[in-house]
Amino acid sequence: MRTVSYAVNPETSLTEIRRNDKATFLEYLVEKEIYDFTLAIPHPYKEEDAEEWIRINEQRLEEESPVTTFAIRRGEKLLGCCGFLPAGGPMKHTSEIGYWLGKPHWGQGIMSQVVGKLCEIGFNDLGLFRITAHIFSHNSRSERVLLNNRFRQEGVLRSHYLKDGAYRDAKIFARLKTD
Ligand SMILES: CC(C)(COP(=O)(O)OP(=O)(O)OC[C@H]1O[C@@H](n2cnc3c(N)ncnc32)[C@H](O)[C@@H]1OP(=O)(O)O)[C@@H](O)C(=O)NCCC(=O)NCCS
């Protein structure tokens, strides 16, 4: 099986998602607050959801080069996930990023460092020129993570998402390679 490893700092790394991460996905993603701030994570989060996510990423690991979805780890322990959603055609120099961290690990500066590493990977290894993040307007923690990494807010997209039956505004942030 192919592996991938980027050091974020001496304790934290970005690696491939592994089959034995299932129990930790289930432990972290029962947390509704993670669902509330993200778009693609189901709630309630079930065993089949973790299995499907692991299967998709095993397939990506075989087919994708370079890899664009990562587990965030301290040693062997899974802390969360992050990755790119690259665009194509005339936007192939751009990619959205996404990320989440298990709640016990919030507030320790981990994601600010991880997003710094994602930018390095995006600009240096993936050949990107523009990296974007859309966040729900009330996601102040995520906003701080982006501002810590020289992202700039470019606007507010009104009623951009429909979640749980309500239209939600999104703030769009971006960082250029030259910022
Ligand atoms: C957003 C998230 C990834 C942040 O990860 P983290 O490792 O806790 O982030 P950091 O510790 O690097 O930075 C958090 C920042 O938010 C600030 N913060 C903490 N609690 C806060 C609060 N209640 N309100 C506003 N800011 C807050 C911290 O002070 C820090 O800012 P600073 O570096 O300027 O002091 C994490 O909370 C998470 O997984 N949330 C749920 C999923 C999610 O929102 N994903 C992003 C979708 S766009």
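Look a little higher up for the structure.
A brief report on the enclosed structure follows. (Residues numbered from 1 in each chain as written. Predicted model: local features only at pLDDT ≥ 70, side-chain atom pairs only at ≥ 80, totals over all residues. Heavy atoms only, no water.)

Listing the buried residues of helix α1 (residues 22–29) in full gives Thr-24, Phe-25, Tyr-28 and Leu-29. In a view along the axis of α1, the buried residues occupy a sector of 110 degrees, so they form one face of it. Buried positions along α1 lie against α2 (32–37), α3 (47–63), β4 (77–86) and β5 (94–101). (Buried < 20%, exposed > 50% of the residue type's maximum accessible area, 1.4 Å probe, protein only. Helix = DSSP H or I, 4+ residues; strand = E, 2+ residues; numbered from the N terminus. Arc of directions from axis to C-beta. Contact = heavy atoms within 4.5 Å.)

Take the pattern of salt bridges next. Applying the stated criterion across every chain yields a total of 14 salt bridges. Put simply, Lys-32 and Asp-36 hold a salt bridge, and the shortest N to O gap is 2.9 Å. In this pair, Lys-32 and Asp-36 both sit in helix α2, 4 residues apart, roughly one turn of the helix. The partly exposed category is assigned to Asp-36, whose relative accessible area is 24%. What emerges from the salt-bridge pattern is a single network uniting Glu-16, Arg-18 and Glu-76. (Salt bridge = Lys/Arg side-chain N within 4 Å of Asp/Glu carboxyl O.)

Bringing the packing of aromatic side chains into the picture now. This structure, assessed with the given rule, holds 4 aromatic pairs. Sitting over the face of the ring of Tyr-35, Lys-163 holds its NZ or CZ atom 3.6 Å from the ring centroid. Taking NZ or CZ as reference, Arg-168 lies 5.5 Å from the ring centre of Phe-136, over its face. (Phe/Tyr/Trp six-rings, centres within 6.5 Å; stacked < 30°, edge-to-face > 60°. Lys NZ or Arg CZ within 6 Å of the ring centre and 35° of its normal.)

Before going further, it helps to examine the environment of Tyr-161. For Tyr-161, the location among the structural elements is in strand β7 (residues 152–163). Residues Tyr-161 and Leu-39, 122 residues apart in the sequence, show an inter-C-alpha distance of 8.8 Å. If we skip the residues at most four places from it in the chain, Tyr-161 touches Leu-39, His-134, Phe-136, Ala-166, Tyr-167, Arg-168 and Ala-170.

Bringing the sheet that holds β4 into the picture now. Strand order in the open sheet formed by 8 strands is β1-β2-β3-β4-β5-β6-β8-β7, and the pairing between neighbours is mixed. Of all the strands in the sheet, just β1 (5–7) and β7 have a single pairing partner and so form its edges. Strand after strand, the sheet turns through a mean of 30 degrees between neighbouring axes, direction not considered. In this fold α1 packs onto β4 and β5, with an angle of close to 85 degrees to the strand it touches most, β4. (Pairing = 2+ DSSP bridges. Axes fitted to C-alpha atoms, helices over the stretch in contact; angles between N-to-C directions.)

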